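Structural characterization, general
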Amino acid sequence: MRDDEAPSGPDEYTDDVLSVVERIPPGRVMSYGDVAEYVGRGGPRQVGAVMSAWGGGVPWWRVVRADGRPPSGNEVRALSHYAAERTPMRPGSDRVDMREARWDGVS
């Protein structure tokens, strides 16, 4: 492949991240760091890059910042999804209640 050619599709890491995001149940969330930990490699920034480039086809609103804030630039759309899914929110805030809503990848 030439240097100026982009890959034709997602790589294995991207597939792994998107697979985890697809499994997050409605009303639950994972932080970017949680997803990276679950996948077993990368970190929050790498997960963010995957979600920015490829996350449109998965429930992207279920991946939030560690403090419960929705993805930047998509706050209004995310809040609509949270309301529809009855995602636990911090009282009087636009942040997800991470204690109540965080998904551990099992339950």
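Residues numbered from 1 in each chain as written. Predicted model: local features only at pLDDT ≥ 70, side-chain atom pairs only at ≥ 80, totals over all residues. Heavy atoms only, no water.

**A short note on the packing of helix α1 (residues 12-23) against helix α3 (residues 44-54)**
Packing of α1 against α3 leaves a shortest axis separation of 10 Å and a crossing angle of 85°. Put simply, α1 runs roughly perpendicular to α3. Where α1 abuts α3, its residues Tyr13, Thr14, Val17, Leu18 and Val21 lie against Gln46, Val47, Val50, Met51 and Trp54. Residues belonging to the contact of α1 with α3 are distributed by class as follows: eight nonpolar, two polar and no charged. (Axes fitted to C-alpha atoms, helices over the stretch in contact; angles between N-to-C directions. Helix = DSSP H or I, 4+ residues; strand = E, 2+ residues; numbered from the N terminus. Parallel < 35°, antiparallel > 145°, perpendicular 65-115°, else oblique. Contact = heavy atoms within 4.5 Å. Nonpolar A, V, L, I, M, F, W, Y, C, P; charged D, E, K, R; others polar.)

**Quick word on helix α2 (residues 32-39)**
Taken together, the buried positions of α2 are occupied by Tyr32, Asp34, Val35, Ala36 and Val39. Looking at the buried residues of α2, the elements they touch are α1, β1 (30-31), α3, β2 (63-64) and α5 (98-101). A positive backbone phi angle near 95° is found at glycine 40, which sits one or two residues after α2. (Buried < 20%, exposed > 50% of the residue type's maximum accessible area, 1.4 Å probe, protein only.)

**Notes on the environment of arginine 86**
Looking at the element boundaries, arginine 86 is found in the loop between α4 (75-85) and α5. The spacing of arginine 86 and glutamate 22 is 64 residues in sequence and 18 Å in space, taken between C-alpha atoms.

**Quick look at the side chain of arginine 62**
Within the secondary structure layout, arginine 62 lies in the loop between α3 and β2. We classify arginine 62 as buried; its relative accessible area is 10%. Among the polar contacts made by the side chain of arginine 62, one reaches the main-chain carbonyl oxygen of isoleucine 24 at a distance of 2.8 Å. At a separation of 2.6 Å, a polar atom in the side chain of arginine 62 contacts the side chain of glutamate 85. Among all residues touching arginine 62, those that are not within four sequence positions of it are Ile24, Pro25, Pro26, Arg28, Val29, Met30 and Glu85. (Polar contact = N/O pair within 3.5 Å; in protein donor to acceptor, adjacent residues only side chain to side chain.)

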